Amino acid sequence: ALKASFAVGDKLDVAFGFTEVMCTASAAFACGTSLKYDYVTGKVLTKDASNTIVGMAMEDAVSNNDLVRVLINTNF
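Residues numbered from 1 in each chain as written. Predicted model: local features only at pLDDT ≥ 70, side-chain atom pairs only at ≥ 80, totals over all residues. Heavy atoms only, no water.

**Considerations on the overall build of the protein**
Alright, step 1. Across its full length, the protein holds zero helices and five strands.
Alright, step 2. For the protein, the sequential pattern of α-helices and β-strands runs β-β-β-β-β.
Alright, step 3. Taken over C-alpha atoms, the radius of gyration comes to 12 Å for the protein, in line with the 11 Å a tight globule of 76 residues would show.
Alright, step 4. Along the three orthogonal principal directions, the C-alpha set of the protein runs to about 35 × 25 × 25 Å.
Alright, step 5. Burial status across the protein gives 21% buried among its 76 residues.
Alright, step 6. Surface exposure of the protein reaches about 5300 Å², of which carbon and sulfur atoms provide 57%. (Helix = DSSP H or I, 4+ residues; strand = E, 2+ residues; numbered from the N terminus. Rg over C-alpha atoms; globule rule 2.2 N^0.38 Å. Buried < 20%, exposed > 50% of the residue type's maximum accessible area, 1.4 Å probe, protein only. Areas by Shrake-Rupley, 256 points an atom, 1.4 Å probe, with all protein chains shown as cover.)

**Digging into the sheet that holds strand β1 (residues 18-24)**
Alright, step 1. With antiparallel pairing, the five strands of this open sheet are ordered in space as β1-β5-β4-β2-β3. The sheet is open, and its two borders are formed by β1 and β3 (43-46), each paired with just one other strand. Pairs of neighbouring strands in the sheet enclose a mean axial angle of 45 degrees, with direction left out of account.
Alright, step 2. Relative to strand β5 (residues 67-73), strand β4 (residues 55-57) runs antiparallel, the two sharing three bridges. Counterpart to glycine 55 in the pairing with β5 is isoleucine 72. (Pairing = 2+ DSSP bridges. Axes fitted to C-alpha atoms, helices over the stretch in contact; angles between N-to-C directions.)

**Let's talk about the pattern of salt bridges**
Alright, step 1. Applying the stated criterion across every chain yields a total of three salt bridges.
Alright, step 2. A salt bridge links glutamate 20 to arginine 69; the shortest N-O distance between them is 3.4 Å. With glutamate 20 in strand β1 and arginine 69 in strand β5, this residue pair connects regions lying 49 residues apart in the sequence.
Alright, step 3. Salt-bridge contacts for arginine 69 lead to glutamate 59; the nearest nitrogen and oxygen are separated by 3.5 Å. Of this pair, arginine 69 sits in strand β5 while glutamate 59 sits in the loop between β4 and β5, and the two are 10 residues apart along the sequence.
Alright, step 4. By relative accessible area, which is 29% here, arginine 69 ends up partly exposed.
Alright, step 5. If you follow the salt bridges from partner to partner, you end up with Glu20, Glu59 and Arg69 in one network. (Salt bridge = Lys/Arg side-chain N within 4 Å of Asp/Glu carboxyl O.)

**Observations regarding a nonpolar patch on the surface**
Alright, step 1. On the surface, Phe6, Leu12, Val14 and Phe16 cluster together to form a nonpolar patch covering roughly 470 Å² of accessible area.
Alright, step 2. For phenylalanine 16, the position within the fold is in the segment before β1. (Patch = residues over 30% accessible without salt bridge, like charges linked within 9 Å, V, L, I, M, F, W, Y side chains within 5 Å.)

**What to know about the environment of threonine 24**
Alright, step 1. Relative to the helices and strands, threonine 24 resides in strand β1.
Alright, step 2. Each C-alpha atom of the pair threonine 24 and arginine 69 lies 8.9 Å from the other, and the pair is 45 residues apart in sequence.
Alright, step 3. Not counting chain neighbours up to four residues away, the residues in contact with threonine 24 comprise Lys43, Val44, Asn65, Asp66 and Leu67. (Contact = heavy atoms within 4.5 Å.)

Limitation: the analysis is restricted to geometry and does not speak to function.
Take a look at the structure:
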């Protein structure tokens, strides 16, 4: 699960290269869209010119709060 912080003893996954993560969408977007992560809302949204890409949508998001698969690239 994505969360802002972890406590001692919490289990977590460590990814190298590419990994698929379930994320919450903040708006509608199409499969293949480059995404950024909003630390305030904890959701992914369409990247604009000034943001860092965190991954690519692996399926369409129809609306806010949709759960979508995102291919995260740890090498961006």
